[in-house]
Structures are given as C-alpha cells and as structure tokens.
Amino acid sequence: TSIILVLFSISFSQATILLSTPNEIYNLGDVLEQKVTVTRTQNFDGFLRVNLVCNSQEHLMYFSPVNIEKDREKQVNINFPVDVVGLCNVKATLEQKQKIITEEEGTAAFLLTDEVDLNVNLNKEKFLPGEKLVINGRAVKANGKNLEGFVTVKFGDKNFSVVVSGTFSHIINLEPSIKSGEHNIKIDVSDNYNNKASSELNIEIETVPSALLLEVN
C-alpha cells in the first residue's frame, strides 16, 4: 500500500512552489519582500497568482502568465507595500484557465499592524506656576524601527506639534497664572502611513499663597 501511495504522489505532484519566509511583524508603510520560486517536472502553460491573505480577505500581490518548461525554474521577486492590518499569510497558486488551481503553497502567518510603542516621561509630577514642564518620549513601531513622524501635545486649550525621529522632547513654560490642581496632558504620535499611538498623563499644580500675613506680638 505504501508503494502505491508514493507512486500516486509522484505522478500528480508536478510542481514545487517555494516561498521566502516573511518577517513576523510589519508596520503600515513597510515593504513586504516576497520571493517565489516554481519548478516543474512537466511543461506548464498557465498563470502564477500570489495573494496576501488577511482575515480571510485576499489582496493581489502578483498575477502573470507563466510558461515553465520541464525541470526548469521560474523565479519572481515581489515588493508589496503594506497598507492593511491583520493576521496574514502569503499564498501562491499555479492556475490553468478558468482559475483551475493545479498547485498551491502558503507561508506561515505574520502580523501587519499600525501599532507603536509610546513611552513618555515628565521631569516631575508636581509643579509651581511659572515652572518648566519637560516632556521626553520615545516612539518605536511594532517592527522594532523608530517612528519617523509627528507628535501632538495637548495641554489645556493649547496644542504643540513636535517632530519625532524615534525620540522627542518638548518644553512647556507654565503660566504664572495657571490654576492649581490636576491638569491633563494628551500626547499623540503618528506618521504618514497612519501608524499611531496615544498616551495621557496628569500633573499637579501646587497652590502658592498670594500673601503671607505676619503677626507681630
């Protein structure tokens, strides 16, 4: 029985599709570099289709007629800009007319995301009116690369824009007349591909006595 199964497999498996291994994580704007190599034990005249499959939806990466002679090799290099998010894999198929699939191969799953790891630190938590509030931060995309983009700092009714290249820093001069109590700071980072993250922090403005009354005995 085992010999019959081996012969059956050899007679019907006439192609080998090899796909390069993708990275585990890509951010929006990255380029997914995919190498596809096809070898045939018989002549083949049809089509090669390569799709990015994310959340059960297929996105065309490559489609072209191919003519592969027996024992010859066809190699395709694809550079595909990442513009979707989700858990994905690459699927390559050899097709005849009417989309009849003769061979199919896929990669392991990988993640396409817009996530950014944002860490923000302040020079302190409690301030007096008129002091300097120093904001330092670091923004790293999920793929491990620095975010190149912009930071928007919202403090009270004011917005401040700062360029970020992995790290950023901004100084706010607190008004002498700022009200005491808790104040909120909201920080948003993003880039041209819509990778993004947000963070919120609170500071406390301490009360300063407006006058000191001295009692003289």
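Refer to the structure above for everything that follows.
Given the structure is predicted, the values throughout are model-derived calculations rather than measurements.

S.K.: Looking at this model, I keep getting lost on the nonpolar core. Mind explaining?
M.R.: By size, the foremost hydrophobic cluster in this structure holds 27 residues, and its most contacted members are L32, V36, L52 and L112. Ignoring any residue separated from it by four or fewer positions in sequence, one finds L52 in contact with L32, Q57, E58, H59, M61, F80, V84, C88, N89, V90, F110 and L112. Within the second largest apolar cluster, 25 residues are counted, among which are L118, V151, V162 and I185.

S.K.: Would you mind going over the pairing of strand β9 (residues 110–113) with me for this structure?
M.R.: Looking down a regular strand, the side chains alternate between one sheet face and the other. One ladder, built from three bridges, connects strand β2 (residues 25–27) with β9; its direction is parallel. Within β9, the position partnered with Y26 by the bridge is L112. The pairing of strand β7 (residues 86–95) with β9 spans three bridges and is antiparallel. In the strand pairing of β9, G86 is matched with L112.

S.K.: Just to check I follow, could you spell out unusual backbone geometry for this structure?
M.R.: Keep in mind that most residues, glycine aside, have a negative phi and that most peptide bonds are trans. Its identity is not glycine, yet N55 carries a phi of approximately 50 degrees, on the positive side. Looking at the secondary structure, you find N55 in the loop between β4 (44–54) and β5 (57–68). For N55, a relative accessible area of 52% puts it in the exposed group. Backbone geometry at D71 places phi at a positive 60 degrees, although glycine is not the residue there. Counting through the fold element by element, D71 comes out in the loop between β5 and β6 (73–81). We classify D71 as exposed; its relative accessible area is 58%.

S.K.: How do you make sense of the environment of M61 when you look at a structure like this?
M.R.: Along the chain, the position of M61 falls in strand β5. Dropping the residues within four chain positions of it, M61 is found in contact with L32, Q34, V50, N51, L52, I78, F80 and V90.

S.K.: Mind showing me how you'd approach the packing of aromatic side chains here?
M.R.: The geometry of an aromatic ring pair comes down to the distance between the two centres and the angle between the two planes. If you walk through the whole model with that rule in mind, you get two aromatic pairs. For the pair F47 and F63, a centre-to-centre distance of 5.3 Å together with 10 degrees between the ring planes defines the contact as stacked. Of this pair, F47 sits in strand β4 while F63 sits in strand β5, and the two are 16 residues apart along the sequence. On the basis of relative accessibility, which here comes to 26%, the residue F47 falls in the partly exposed class. Residue classification places F63 among the partly exposed positions, given a relative accessible area of 37%.

What counts and what doesn't
Throughout, a residue's number is its position along its own chain's written sequence, starting from 1. The predicted nature of this model means local features are confined to residues of pLDDT at least 70 and side-chain atom pairs, given and counted, to a pLDDT of 80 or more, with totals for whole chains, interfaces and linings taken over all residues. Side-chain metrics rest on all non-hydrogen atoms present in the structure, leaving aside hydrogens and water. Each nonpolar core is a collection of buried residues, namely Ala, Val, Leu, Ile, Met, Phe, Trp, Tyr and Cys, held together in the definition by side-chain atoms within 4.5 Å. Each residue gets one of three labels from its accessible area relative to the maximum for its type: buried under 20%, exposed over 50%, partly exposed in between, using a 1.4 Å probe on protein chains only. Note on contacts: a residue pair is in contact if any heavy atoms of the two residues lie within 4.5 Å. Two strands qualify as a pair provided that DSSP identifies no fewer than 2 bridges between them. A run of DSSP states H or I qualifies as a helix once it reaches four residues; a run of E qualifies as a strand once it reaches two. Both are numbered from the N-terminal end. Stacked, edge-to-face and tilted are the three classes for Phe, Tyr and Trp ring pairs, Trp counted by its six-membered ring, which pair at centre distances within 6.5 Å; planes under 30 degrees apart are stacked, over 60 edge-to-face, the rest tilted.

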